[in-house]
Amino acid sequence: MIEGWAAIYIFLLAGFTGYEVIARVPVILHTPLMSGSNFIHGIVLVGAMVALGHANTLGQQLVGFIAVLLAAGNAVGGYVVTERMLEMFKSSKGGKG
């Protein structure tokens, strides 16, 4: 089981790697990539809930709870962006187009 400094190291490494990957994506691809990766947000949420379920100390429970909140917000945000993107492609009824 991963404990202490190793878990913090993995968390920081994952955060840095994620930032570097997303920072290199052209702006025009952000919305399609987000809509295509909504399932990943769900997996992250499930992982955060599992981590919270295995938390023993108050500190671990606090970090797990924050992880669940952030993951849930990420998942909801992904679907909101997808919905807004799909609204852009709907034809207006009664309009010129």
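These numbers come from a predicted model, not from an experiment. (Residues numbered from 1 in each chain as written. Predicted model: local features only at pLDDT ≥ 70, side-chain atom pairs only at ≥ 80, totals over all residues. Heavy atoms only, no water.)

**So, the overall build of the protein chain**
Then step 1. Helices and strands together make up the secondary structure of the protein chain, namely 4 helices and 0 strands.
Then step 2. Reading the protein chain from its N end, one meets helices and strands in the order α-α-α-α.
Then step 3. Sequence separation of at least 24 residues holds for 55% of the intrachain contacts in the protein chain that already meet a minimum separation of 6.
Then step 4. Carbon together with sulfur atoms contributes 73% to the accessible area of the protein chain, which is approximately 7900 Å² in total. (Helix = DSSP H or I, 4+ residues; strand = E, 2+ residues; numbered from the N terminus. Contact = heavy atoms within 4.5 Å. Areas by Shrake-Rupley, 256 points an atom, 1.4 Å probe, with all protein chains shown as cover.)

**A look at helix 3 (residues 38-53)**
Then step 1. Taking 1.5 Å of rise per residue, the 16 residues of helix 3 would be expected to cover 22 Å, and the 23 Å separating its terminal C-alpha atoms lies within 8% of that figure.
Then step 2. Within helix 3, the full set of buried residues consists of Asn38, His41 and Ala48. In a view along the axis of helix 3, the buried residues occupy a sector of 65°, so they form one face of it. In helix 3, those exposed residues whose orientation departs by more than 90 degrees from the buried face are Phe39, Ile43 and Gly53. (Expected span 1.5 Å × (residues − 1). Buried < 20%, exposed > 50% of the residue type's maximum accessible area, 1.4 Å probe, protein only. Arc of directions from axis to C-beta.)

**Describing the packing of helix 3 against helix 4 (residues 58-88)**
Then step 1. The geometry of helix 3 relative to helix 4 is characterised by a closest axis approach of 8 Å and an angle of 165° between their N-to-C directions. Judged by the angle between their axes, helix 3 and helix 4 are roughly antiparallel. Crossing hand, helix 3 versus helix 4: left-handed. Contacts from Asn38, His41, Val44, Leu45, Ala48, Met49 and Leu52 of helix 3 reach helix 4 at Gln61, Gly64, Phe65, Ala67, Val68, Ala71, Ala72, Asn74, Ala75, Gly78, Tyr79 and Thr82.
Then step 2. A breakdown of the residues in the contact of helix 3 with helix 4 according to their chemical character gives 12 nonpolar, 7 polar and no charged. (Axes fitted to C-alpha atoms, helices over the stretch in contact; angles between N-to-C directions. Parallel < 35°, antiparallel > 145°, perpendicular 65-115°, else oblique. Left-handed = near helix turned anticlockwise from the far one by under 90°. Nonpolar A, V, L, I, M, F, W, Y, C, P; charged D, E, K, R; others polar.)

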